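Single-letter residue listing:
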Amino acid sequence: MAKLYLVGTPIGNLSDITLRALETLKSVDAIACEDTRHSLKLLNYYEIKKPLFACHKFNEKASVDKIYDMIKDGKDVALITDAGMPCISDPGAIVVNDLLERGVEISVIPGATALTSAIALSGICQPVFTFIGFLPEKNKDRAEFLTPFRNVKTSLVFYSSPYDVNKDIEYLCGFLGNRKLHIVREITKIHEEHIVTTLAEGAQEAPKGEYVLIVESAEDTEQKPQGSIEEQLVDLLNSGVDKKTAVKQVAKANGLNKDEVYKIAINL
């Protein structure tokens, strides 16, 4: 039986592709692309001519059957995204999960990733980090999504577009407090840049390119929180955290009974 190949593609510089990736793209029978127009630039650059079809976040579920039928008919298929590795903050996971359940063989062809490149550029010596990727759009969803990571003792790594980067930095400052921030953008491109700043001062003038934001780890959570109980509750509620979660977090941080904090919360 044929197989599916997950192929890593360049994150900027077209030369950042492995020989094995090129061999695979030349050998398969068809290529599933996040955006066929975007992928054509890479394939034309390396004079690779193969049938292409779209597989993106809006049609990924519908693409599974097509990919499966091709593989069942003995055709090898490569799956690529616009940049980097499929499934990593990109389409692909739905396809992989479904095909694994159907017993399809899948191989991965590694390639460049913005995540590891940005971590290397940052020079952070901490041996572990937490990769979060893109933030949800709505503040309510962001608060719920980020709450488990608020006091983790690792750096937090986010992806951000030029349209969202300042909004993301502002939100993270309000939610996490003012922490050291590494801004890495345009990795492997001519305007590659690494900025060391803080969340409070990290806003970008005329944002351009794709961003990786690395927020350094929280301070020791055993230290007493700043501000009164009322102020701590207000800060959390204003950041989008629901009342129940805010009460729980403030009670735990201050060594108080939840009922005591709840009485304060209902009087705000």
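Residues numbered from 1 in each chain as written. Predicted model: local features only at pLDDT ≥ 70, side-chain atom pairs only at ≥ 80, totals over all residues. Heavy atoms only, no water.

1. Points about the sheet that holds strand S6 (residues 129–133)
Reading across the sheet, the 5 strands line up as S6-S7-S10-S8-S9 and stay open at both edges, with mixed pairing between neighbours. At either margin of the open sheet sits one strand with a lone partner, and together these are S6 and strand S9 (193–198). Direction aside, neighbouring strands of the sheet carry axes that sit 20° apart on average. In this structure, strand S8 (residues 180–185) lies alongside strand S10 (residues 211–215), joined through 5 bridges in antiparallel fashion. (Pairing = 2+ DSSP bridges. Helix = DSSP H or I, 4+ residues; strand = E, 2+ residues; numbered from the N terminus. Axes fitted to C-alpha atoms, helices over the stretch in contact; angles between N-to-C directions.)

2. Here we look at helix H1 (residues 19–27)
Here H1 has its buried residues at Ala21, Leu22, Thr24 and Leu25. Within H1, the buried residues cover an arc of 165° as seen down the axis, which keeps them to one side. Set apart from the buried face of H1 by more than 90 degrees, the exposed residues are Leu19 and Glu23. Residues of H1 that are buried in the fold lie against strand S1 (3–7), strand S2 (30–33), helix H2 (36–45), strand S4 (77–80) and strand S5 (105–109). (Buried < 20%, exposed > 50% of the residue type's maximum accessible area, 1.4 Å probe, protein only. Arc of directions from axis to C-beta. Contact = heavy atoms within 4.5 Å.)

3. Overview of the pairing of S8
Along S8, 5 of the 6 residues are buried, which leaves the element largely enclosed by surrounding structure. Alignment of S8 against S9, held across 6 bridges, turns out to be antiparallel. Residue pairing across strands places Val184 opposite His194, the latter belonging to S9.

4. Points about the pattern of salt bridges
In total, this model carries 10 salt bridges according to the counting rule given. One salt bridge in this structure joins Asp35 and Arg37, with 3.4 Å as the shortest N-O distance. Looking at Arg37, the relative accessible area reads 65%, which means it is exposed. The salt bridge involving Arg102 is made with Asp65; its shortest N-O contact spans 2.7 Å. Placement of Arg102 in the loop between helix H4 (93–101) and S5 and of Asp65 in helix H3 (residues 60–72) is noted, with a sequence separation of 37 residues between them. Salt bridges sharing common partners tie together Asp65, Asp98 and Arg102. (Salt bridge = Lys/Arg side-chain N within 4 Å of Asp/Glu carboxyl O.)

5. As for the environment of Ala246
Note that Ala246 resides in helix H9 (residues 243–254). Each C-alpha atom of the pair Ala246 and Thr116 lies 33 Å from the other, and the pair is 130 residues apart in sequence. Residue contacts for Ala246: discarding those within four places in its chain leaves Leu233, Leu236, Leu237 and Val241.

6. Considering the state of the cysteines
On inspection of all chains with the given rule, the structure shows 0 disulfides. Just so you know, Cys87 is unpaired, no disulfide at all, and the nearest cysteine sulfur is the one on Cys55, 9.5 Å from it. (Disulfide = S-S within 2.5 Å.)

7. Remarks on the packing of helix H8 (residues 229–238) against helix H10 (residues 258–266)
Interaxial distance between H8 and H10 falls to 10 Å at its minimum, and their mutual angle equals 70°. With respect to their mutual orientation, H8 and H10 come out roughly perpendicular. Across the interface between the two elements, Ile229, Glu230 and Leu233 of H8 pack against Val261, Ile264 and Ala265 of H10. When its residues are assigned to classes, the contact of H8 with H10 shows 5 nonpolar, no polar and 1 charged. (Parallel < 35°, antiparallel > 145°, perpendicular 65-115°, else oblique. Nonpolar A, V, L, I, M, F, W, Y, C, P; charged D, E, K, R; others polar.)

8. Topic: the packing of H3 against H4
Between H3 and H4, the shortest axis-to-axis distance is 9 Å and the interhelical angle comes to 45°. In terms of their interaxial angle, H3 and H4 are classed as oblique. Considering only the axes of H3 and H4, their crossing is right-handed. Between H3 and H4, the residues in contact are Glu60, Lys61, Val64, Ile67, Tyr68 and Ile71 and Ala93, Ile94, Val95, Asp98 and Leu99, respectively. A class-by-class count of the residues in the contact of H3 with H4 yields 8 nonpolar, no polar and 3 charged. (Left-handed = near helix turned anticlockwise from the far one by under 90°.)

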